[in-house]
Amino acid sequence: MNNPQFRRFLLGLSLLCLVWLAFCLWVDQVRWNTWEIGIDTAAWGQLAHQGSQENGWIFTCYPDVPDRTDSRSILSVHSYWLTPLLGILYRIWPHPLVLFASVHVAHAFGALLIGLLVWRMGKEDPWLALGATVVFLLYPPHALAQTRYDFAFRHWTLFLIPLAGVLTLSKHRFRPLLPLFLLAAAEENISLVAGFICFALAWKWQGHRRWFTGWGLFFCAYTVFAIKIGIPFFLEKGFQLHFAGRYSHLG
């Protein structure tokens, strides 16, 4: 854009996100030096190494069954269909911290998109947009996910959800579905988020109400399918669906 005010705003917004990204990467180094990367990240590191060596998506580090030492498919834990991306990351940088770095990049780019969204929808007020970006970055669950928690695909949602918002502004009904499909592929729990976003779009976007309502029902049905059929298909004897208690009220 030729708008000087927008260029100054974009520069400030980009610097803000880069400073946060640099801080999170520094925290990673501190955590690594103090042996504080978390058991889940250890399992993901093993899994990513296996995938990068084309040994299959199996691992032997079980946070939920510590006395087992045999291999287990990651698809018996959750419906993680984005795991091939970890193999690609490990070929670029074969180190567990690449997992944390991917989370931080997702958060930083998500914050950038939030700033642009608020700029667009908030009468091009740069201070409002920068303030919203700071809130997004420092919102405690988001900040803890970057500096304290283990790696998980669910942290990539901090980029995918704002991306769905930006693509919605294009007024093209197909474009928001791309990040929503990635949400569902990340984990079957997150597919519920994709479904509820579709319901919200159906409510706000009356011209495509049936379209988004249908996709919302699809994502919810996929969640039920993954929990009832998908994950149990990969389960082996002696393992349990470790998060089933979350859905006990559904039988």
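Predicted model only: the values in this text are computed from it and were never measured. (Residues numbered from 1 in each chain as written. Predicted model: local features only at pLDDT ≥ 70, side-chain atom pairs only at ≥ 80, totals over all residues. Heavy atoms only, no water.)

A.B. asks: When you look at the overall build of the protein in this model, what are you seeing that I'm missing?
C.D. replies: Check the secondary structure of the protein and you find ten helices and two strands. When its helices and strands are written in sequence order, the protein yields α-α-β-β-α-α-α-α-α-α-α-α. Scaling as 2.2 N^0.38, a compact globule of 251 residues should have a C-alpha radius of gyration of about 18 Å, and the protein matches this with 20 Å. Projected onto its principal axes, the C-alpha coordinates of the protein cover approximately 60 × 50 × 30 Å. (Helix = DSSP H or I, 4+ residues; strand = E, 2+ residues; numbered from the N terminus. Rg over C-alpha atoms; globule rule 2.2 N^0.38 Å.)

A.B. asks: Which parts of the structure should I look at to understand the state of the cysteines?
C.D. replies: Here, the word disulfide means a covalent bond between the sulfur atoms of two cysteines. Within this structure, the stated rule accounts for zero disulfides. Among the cysteines around Cys24, which has no disulfide bond, Cys17 carries the closest sulfur, lying 11 Å off. Cys198 takes part in no disulfide bond, and the closest cysteine sulfur, belonging to Cys220, lies 8.8 Å away. Taking relative accessible area as the criterion, Cys198 reaches 0% and is therefore assigned buried. (Disulfide = S-S within 2.5 Å. Buried < 20%, exposed > 50% of the residue type's maximum accessible area, 1.4 Å probe, protein only.)

A.B. asks: Could you clarify how one ought to interpret the nonpolar core in this entry?
C.D. replies: The tendency in soluble globular proteins is for nonpolar side chains to be buried side by side. Counting residues in each nonpolar core, the largest one holds 41 residues, and the members touching the most others are Trp44, Ile74, Leu86, Phe151, Phe153, Trp156 and Leu180. Contributions of two or more residues to this core are made by helix 2 (39–52), helix 3 (83–92), helix 4 (97–121), helix 7 (157–168), helix 8 (177–186), helix 9 (191–204) and helix 10 (209–234). Look past the residues within four positions of Leu86 in its chain and what remains in contact with it is Trp44, Ala48, Leu99, Phe151, Phe153 and Trp156. (Core = buried A, V, L, I, M, F, W, Y, C linked by side-chain atoms within 4.5 Å. Contact = heavy atoms within 4.5 Å.)

A.B. asks: How should the side chain of Asn189 be read in this particular structure?
C.D. replies: Position of Asn189 relative to the elements: it lies in the loop between helix 8 and helix 9. Assessed through its relative accessible area of 13%, Asn189 is described here as buried. Looking at Asn189, its side chain comes within polar contact range of the side chain of Glu188, at 3.3 Å. (Polar contact = N/O pair within 3.5 Å; in protein donor to acceptor, adjacent residues only side chain to side chain.)

A.B. asks: Before we go on, may I ask you to explain helix 5 (residues 126–138) in this structure?
C.D. replies: Helical periodicity: at 3.6 residues per turn, an α-helix aligns residues three or four positions apart in one direction. In this model, helix 5 (13 residues) spans 18 Å end to end at C-alpha, consistent with the 18 Å of a helix rising 1.5 Å per residue. Within helix 5 the residues assigned to the buried category are Pro126, Ala129, Leu130, Thr133, Phe136 and Leu137. Projection of helix 5 onto a plane perpendicular to its axis shows the buried side chains occupying an angular sector of 120 degrees, all on one side. Structural note: helix 5 exposes Trp127 and Val135 on the side pointing more than 90 degrees away from its buried face. Capping of helix 5 at its N-terminal end is provided by Asp125; its side-chain oxygen lies 3.0 Å from the backbone amide nitrogen of Trp127. (Expected span 1.5 Å × (residues − 1). Arc of directions from axis to C-beta.)

A.B. asks: I keep staring at the packing of helix 1 (residues 4–33) against helix 6 (residues 140–147) and nothing clicks. Help me out?
C.D. replies: For any two helices packed against each other, one specifies the inter-axial angle together with the distance between the axes. Here helix 1 crosses helix 6 at 50 degrees, and the two axes come no closer than 9 Å. Between helix 1 and helix 6, the angle is such that the two are oblique. Counted together, Trp20, Phe23, Cys24, Val27, Asp28 and Arg31 of helix 1 and Ala143, Gln146 and Thr147 of helix 6 form the full contact between these two elements. Looking at the contact of helix 1 with helix 6 residue by residue, the class counts come to five nonpolar, two polar and two charged. (Axes fitted to C-alpha atoms, helices over the stretch in contact; angles between N-to-C directions. Parallel < 35°, antiparallel > 145°, perpendicular 65-115°, else oblique. Nonpolar A, V, L, I, M, F, W, Y, C, P; charged D, E, K, R; others polar.)

A.B. asks: Even after reading the chapter, I still don't get the packing of aromatic side chains, so can you show me in this structure?
C.D. replies: The way to describe two aromatic rings as a pair is by their centre distance and the angle between their planes. Under the defined criterion, the tally for this structure stands at 23 aromatic pairs. Aromatic side chains Phe6 and Phe9 sit 6.2 Å apart centroid to centroid with 50 degrees between the ring planes, which places their arrangement in the tilted category. Of this pair, Phe6 and Phe9 both sit in helix 1, three residues apart, roughly one helical turn. The exposure class of Phe6 is buried, given its relative accessible area of 12%. Consider the rings of Trp20 and Phe23, whose centres lie 5.5 Å apart with planes at 35 degrees: the pair is tilted. Of this pair, Trp20 and Phe23 are both found in helix 1, three residues apart, which corresponds to roughly one turn of the helix. Take Phe23: its relative accessible area is 38%, and that puts it in the partly exposed class. Site record: aromatic cluster; members linked through ring pairs are Phe174, Phe181, Trp211, Trp215, Phe218 and Phe219. The lysine or arginine in question, Arg173, covers the ring of Trp211, its NZ or CZ lying 4.1 Å from the ring centre. (Phe/Tyr/Trp six-rings, centres within 6.5 Å; stacked < 30°, edge-to-face > 60°. Lys NZ or Arg CZ within 6 Å of the ring centre and 35° of its normal.)

A.B. asks: Hey, could you run me through a nonpolar patch on the surface in this one?
C.D. replies: Side chains of Leu85, Ile88, Ile92 and Trp93 sit close together on the surface and give an oily, nonpolar patch of about 410 Å² of accessible area. Here Trp93 shows up in the loop between helix 3 and helix 4. (Patch = residues over 30% accessible without salt bridge, like charges linked within 9 Å, V, L, I, M, F, W, Y side chains within 5 Å. Areas by Shrake-Rupley, 256 points an atom, 1.4 Å probe, with all protein chains shown as cover. Salt bridge = Lys/Arg side-chain N within 4 Å of Asp/Glu carboxyl O.)

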